[in-house]
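Results of the structural survey
Each chain is listed here by its residues.
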Amino acid sequence: MSEVRVRIAPSPSGNLHVGTARTALFNYLFAKKNNGKFVLRIEDTDAERTSQEYVDNIFDSLKALGLNWDEGPDVGGNYGPYTQSERFDIYPKYIQELLDKGFAYECFCTPEELEAEKEEATRNKKPYVYTRKCENLTEEEKAKLRAEGRKPAIRFNIAKAQKAFHESSILEFDDLVKGKLHMDTDLIGDFVIMKSNGAPTYNYAVVIDDALMHITHVIRGEDHISNTYKQILIFEALGFEVPRFGHLGMILAPDRSKLSKRHGATAVSDFVEQGYLTDALLNFVALLGWAPSDGEEIKTVDEIAADFRIGEISSSNSIFEYDKLKWMNSQYIKKIPTEELKEMLKKYLTKYDLTELTDAQYTRMIEITREPLTLLSDITDAVPYFFGGKNVEIDPEVQTNTIETELSQDVLKTFVEQAETWEWTEENLHEKLEAFRGYFKEQKGYKPKFTMWAIRAAVTGRTCGADMVATLVILGKENSLARAKKALK
Ligand code: GLU
């Protein structure tokens, strides 16, 4: 068998969507598994809907996910993507071939005429297919229309191609994911393959590119199934080998509607911005339609590639469970060495003055706050009390319900008096605070946790947070005691 060649072919009409990231991943995995090649092609034939910003976003997001493509034009020593708009000189040649073979014809219909046809079909309650008004125009008729200043679009002749290569109007193909699929091609209208301005349309350009790039397997979303019939006929009409197709189920939101921004992030770059790790995101999308044979869900891309079989991809839709992604992200965060995490988190700590802390203090702060993080961005709200020196913002509820109680005031008064002489190390503070709690329990019957809450509330302004002793040491004796004193009435 020839070398396996797959591609991801996003249209730059938005930032890279997680759904496209999953399609890219499955193509990448399929290539890896089969020692094949993975190609990136930017499909920007629709100039009005595309922008360079989106091209850059797609490029950067795929790179960030580690879904590197194997070839492409040279851009500064790296592979650039293949870009359809840079290939416009290639497409007319095959249009001419289709015209010559009678598989395509010029259509002079104006948008108004086509609109009228559509309205007519709606009035008759019939699905609209182009009436083929222009199929059999004579040369004189065409010349006359040209003389009127009309420029033709080119339409593909479905019935002719179907008849040339198939026995009936039914076109069938064996989908890698969904099995045998078929359609009656009489229901497909002769579609435009080149617009009157010379721009190729998606269904046409995709075939030329897949053919010239020797793509062997087209793996994409099931929203493209109806296009596949059109594309197969163009492949056949031009004598190109038809690739195998595999259509993935859609990704739905937890409420089973189409995944959209109102459910949460949908673009890879938005997930990254919110503090998701690209490794976790990639692992998560791999599980949308595919399941590891050993049931172990946390896996590297290499492990997934080794276990990946395209025939085992579920043909049904998958639900995008944001909660599960969060859980997975937390698992990935746990695995990051602190030295690395320290750097990654800085991006989410820009509202604080990090120079208030030495490197050792910063390290310790991350060590004691990293455990509950599900998103990297969670760090922002987890650490305000490590900054501000002698001042700390107190939650008003904590002020009334915890700091101002008689118990807390009693505890804090003694704490301020006694702690002045304590050696301010974690080891010593552990010992001292244990004795301190014990004293209040024995002498006054205060539960140890209330004693500690009093100190935590005064020093951090909150009733829960990172390890108290480590927090006190990071803040230092002076700041800690100043905060405790301020809390006294
Ligand atoms: N450009 C198409 C899209 O973004 C993909 C086409 C394909 O994979 O064939 O939906």
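This report concerns the structure included in the present document. Quick caveat: nothing in here was measured; it's all calculated off a predicted structure.

In terms of helices and strands, the protein carries 21 helices and 14 strands. Over its C-alpha atoms the protein spans a radius of gyration of 32 Å, topping by over 25% the 23 Å that the globule rule assigns to 489 residues. Dimensions of the protein along its principal axes, counting C-alpha atoms only, are 110 × 50 × 45 Å. Buried residues in the protein amount to 50% of all 489 residues. For the protein, long-range pairs separated by at least 24 residues make up 76% of all intrachain contacts whose partners lie at least 6 apart in sequence. For the protein, the accessible area works out to roughly 23,800 Å², and carbon and sulfur atoms hold 49% of it. Separation of charge centres in the protein, based on 63 positive and 79 negative side chains, amounts to 3 Å.

This part is about the pattern of salt bridges. Two side chains with opposite charge may pair up if their charged atoms get near one another. Under the defined criterion, the tally for this structure stands at 34 salt bridges. Here Glu 420 ties to Lys 485 by a salt bridge, and the two come within 3.8 Å at their closest N and O atoms. With Glu 420 in the loop between helix H17 (406-419) and helix H18 (426-444) and Lys 485 in helix H21 (residues 477-487), the pair connects residues that are 65 residues apart, well separated along the chain. For Glu 420, a relative accessible area of 41% gives the class partly exposed. Three or more residues joined by partner-sharing salt bridges are found here, namely Arg 7, Arg 41, Glu 43, Arg 87, Asp 209 and Asp 210.

Further remarks concern unusual backbone geometry. The backbone of Asn 35 shows a phi angle near 50°, a positive value even though the residue is not glycine. If you trace the backbone, Asn 35 turns up in the loop between helix H1 (18-33) and strand S2 (37-42). For Asn 35, a relative accessible area of 68% gives the class exposed. With a phi close to 55°, Lys 125 is a non-glycine residue in the positive phi region. Structurally, the position occupied by Lys 125 is in the loop between helix H4 (111-123) and helix H5 (139-147). Lys 125 sits in the exposed class, given a relative accessible area of 75%.

Pairing is antiparallel across the open sheet formed by three strands, whose spatial order is S6-S7-S10. Lying at the two open borders of the sheet, with one neighbouring strand each, are strand S6 (104-107) and strand S10 (192-194). The mean inter-strand angle of the sheet, taken between neighbouring strand axes irrespective of direction, is 45°.

Residues lying three or four places apart along an α-helix face the same way, a consequence of the helix completing one turn every 3.6 residues. When the terminal C-alpha atoms of H17 are compared, their 20 Å separation across 14 residues agrees well with the 20 Å that a helix rising 1.5 Å per residue should span. The complete set of buried residues in H17 reads Ser 408, Gln 409, Asp 410, Val 411, Leu 412, Thr 414, Phe 415, Val 416 and Ala 419. Those residues of H17 hidden inside the fold are in contact with helix H16 (396-403), H18, helix H19 (448-460) and H21.

What follows is about the side chain of Asp 307. Within the element layout of this structure, Asp 307 appears in helix H11 (residues 301-307). The exposure class assigned to Asp 307 is buried, which follows from its relative accessible area of 11%. Side-chain polar atoms of Asp 307 contact the side chain of Ser 293, separated by 2.8 Å. With residues up to four places along the chain from it excluded, the contact list for Asp 307 reads Lys 33, Trp 290, Pro 292 and Ser 293.

Attention now goes to the pairing of strand S8 (residues 170-175). The two faces of S8 differ: Leu 171, Phe 173 and Asp 175 on one face are buried, but Ile 170, Glu 172 and Asp 174 on the other face are not. Of the pairings in the sheet, the one linking S8 to strand S9 (residues 179-184) comprises six bridges and is antiparallel in character. Following the sheet pairing, Leu 171 is matched in S9 by Met 183.

Glancing now at the site of the ligand. Every residue near the ligand is listed here: Arg 7, Ala 9, Pro 10, Ser 11, Glu 43, Tyr 202, Val 206, Arg 220 and His 224. Separating an oxygen atom of the ligand from a side-chain N or O atom of Tyr 202 is a distance of 2.9 Å. Arg 220 places a side-chain nitrogen or oxygen 2.7 Å from an oxygen atom of the ligand. Bound to the protein, the ligand loses 80% of the 300 Å² it would expose on its own. With respect to the pocket detection grid, the ligand is positioned in the largest pocket. Among the residues forming the shell around the ligand, the class breakdown is four nonpolar, two polar and three charged.

The volume enclosed by the largest pocket comes to roughly 1,400 Å³. Every residue lining the largest pocket is counted, 45 residues in all, and those nearest its centre are Ser 11, Ser 13, Thr 20, Asp 223 and His 224. When residues of the lining of the largest pocket are traced back to their parent elements, those giving at least two are strand S1 (5-8), H1, helix H2 (52-65), helix H7 (202-212), strand S11 (217-221) and strand S13 (251-252). Ranked by residues supplied to the lining of the largest pocket, first place goes to H1 with four residues. Classifying every residue of the lining of the largest pocket by side-chain character gives 16 nonpolar, 17 polar and 12 charged. By volume, the second largest pocket amounts to about 310 Å³. The wall of the second largest pocket is formed by 15 residues, among which Ser 2, His 214, Ile 215, Thr 216 and Glu 241 lie closest to the centre.

Definitions and limits used
- Residues numbered from 1 in each chain as written.
- Predicted model: local features only at pLDDT ≥ 70, side-chain atom pairs only at ≥ 80, totals over all residues.
- Heavy atoms only, no water.
- Helix = DSSP H or I, 4+ residues; strand = E, 2+ residues; numbered from the N terminus.
- Rg over C-alpha atoms; globule rule 2.2 N^0.38 Å.
- Buried < 20%, exposed > 50% of the residue type's maximum accessible area, 1.4 Å probe, protein only.
- Contact = heavy atoms within 4.5 Å.
- Areas by Shrake-Rupley, 256 points an atom, 1.4 Å probe, with all protein chains shown as cover.
- Lys, Arg positive; Asp, Glu negative; His and termini not counted.
- Charge placed at Lys NZ, Arg CZ, Asp CG, Glu CD.
- Salt bridge = Lys/Arg side-chain N within 4 Å of Asp/Glu carboxyl O.
- Pairing = 2+ DSSP bridges.
- Axes fitted to C-alpha atoms, helices over the stretch in contact; angles between N-to-C directions.
- Expected span 1.5 Å × (residues − 1).
- Polar contact = N/O pair within 3.5 Å; in protein donor to acceptor, adjacent residues only side chain to side chain.
- Near = heavy atom within 4 Å.
- 1 Å grid on protein atoms, 1.4 Å probe; cavity = no way out; pocket = protein on both sides within 12 Å on 5 of 7 lines; lining within 4 Å.
- Sits in = over half its atoms within 2 Å of the grid points.
- Nonpolar A, V, L, I, M, F, W, Y, C, P; charged D, E, K, R; others polar.
- Points joined across faces, edges and corners; volume = space filled by probe spheres on them.

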